[in-house]
Amino acid sequence: MRARIGRCVGLSLSILLLLDTARAAEVPLAPLATGAAVASQYPDSGASDGNDFLFIWTDSSGTQRRATRVTRDGVVLDRIGITLPLLWSRNSVVWTGNSYLVVWGIGYPSEFWGLRIDRDGNIIDGPRILKNEAYPTSVISNGSDVVIAYHTHSPPYGEFSRRALFLNADANPV
């Protein structure tokens, strides 16, 4: 057991060192503000299309969500951000093979939603409901298929059920 923990710690440190040496420079995601921020801002999630990146963030009041594309060279493509509809709960974003898919839950456990953003920063689909009476817990993609793990309760919040929703690259169920 102790040897297994040591290997895990060593592997984790090796990965962190590789990541640190691969991209040591920090890149601002938005222009510097000249005054006080309206509210604290924090990141929600990010994804890569294998070349560039999309990051999503919100302010602490939860009133504004934006996305920003960043090239692999650290060039910020959306200085003021891509305005997103108000997203509730924790957001996740993955690359589907032809677009970024942003997923979030509304209510508990009423439904979860998604929208797609293309490489040019355009919202091309959504927001739309991906699953009713469910709450997403994680989203993963292999670059062509997406799996969303979710949970639900039987009315009124009785039995707890864990499931998975499989989507194609256009975020349609398969």
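Whatever comes next refers back to the structure up there.
Residues numbered from 1 in each chain as written. Predicted model: local features only at pLDDT ≥ 70, side-chain atom pairs only at ≥ 80, totals over all residues. Heavy atoms only, no water.

*Asks:* Help me get a handle on the sheet that holds strand β8 (residues 123-132), residues and values and all.
*Replies:* Sheet strands associate in pairs through backbone hydrogen bonding, adopting either a parallel or an antiparallel arrangement. With respect to topology, four strands assemble into an open sheet ordered β5-β6-β7-β8, the strand pairing being antiparallel. The open sheet has two free edges, formed respectively by β5 (91-95) and β8, since each of these has just one partner strand. On average, each strand axis in the sheet is inclined to that of its neighbour by 20 degrees, with strand direction left out of account. Across five bridges, β5 lies against strand β6 (residues 100-106) in antiparallel orientation. If you follow S92 over to β6, its bridge partner there is V103. (Pairing = 2+ DSSP bridges. Helix = DSSP H or I, 4+ residues; strand = E, 2+ residues; numbered from the N terminus. Axes fitted to C-alpha atoms, helices over the stretch in contact; angles between N-to-C directions.)

*Asks:* Before we move on, can you summarise the side chain of S45 with the specific residues and values?
*Replies:* Assignment of secondary structure puts S45 in strand β1 (residues 41-48). On the basis of relative accessibility, which here comes to 17%, the residue S45 falls in the buried class. Looking at S45, its side chain comes within polar contact range of the main-chain oxygen of N91, at 3.5 Å. Within polar-contact distance, the side chain of S45 engages the backbone nitrogen of V93 at 3.5 Å. Look past the residues within four positions of S45 in its chain and what remains in contact with it is L54, F55, I56, N91, S92 and V93. (Buried < 20%, exposed > 50% of the residue type's maximum accessible area, 1.4 Å probe, protein only. Polar contact = N/O pair within 3.5 Å; in protein donor to acceptor, adjacent residues only side chain to side chain. Contact = heavy atoms within 4.5 Å.)

*Asks:* Help me get a handle on the nonpolar core, residues and values and all.
*Replies:* Judged by nonpolar contacts, the single largest core of 14 residues is most densely connected at A67, L84, V93, Y100, V102 and I117. Put simply, the parts of the chain that give this core at least two residues each are β2 (53-59), β4 (82-84), β5, β6 and β7 (111-117). Filtering out sequence-adjacent residues up to four positions away, V93 remains in contact with S45, G46, A47, L54, I56, Y100, L101 and V102. Within the second largest apolar cluster, 13 residues are counted, among which are V94, I148, Y150 and L165. (Core = buried A, V, L, I, M, F, W, Y, C linked by side-chain atoms within 4.5 Å.)

*Asks:* Break down unusual backbone geometry for me, citing the residues and quoting the values.
*Replies:* In this structure, P127 follows G126 across a cis peptide bond, with omega equal to 5 degrees. The topology assignment puts P127 in strand β8. The backbone of E133 shows a phi angle near 50 degrees, a positive value even though the residue is not glycine. With respect to the helices, strands and loops of the structure, E133 is situated in the loop between β8 and β9 (135-141). The exposure class assigned to E133 is exposed, which follows from its relative accessible area of 55%. We note that A171 has phi near 65 degrees; this positive angle belongs to a residue other than glycine. Examined against the element boundaries, A171 turns out to sit in the segment after β11 (160-167).

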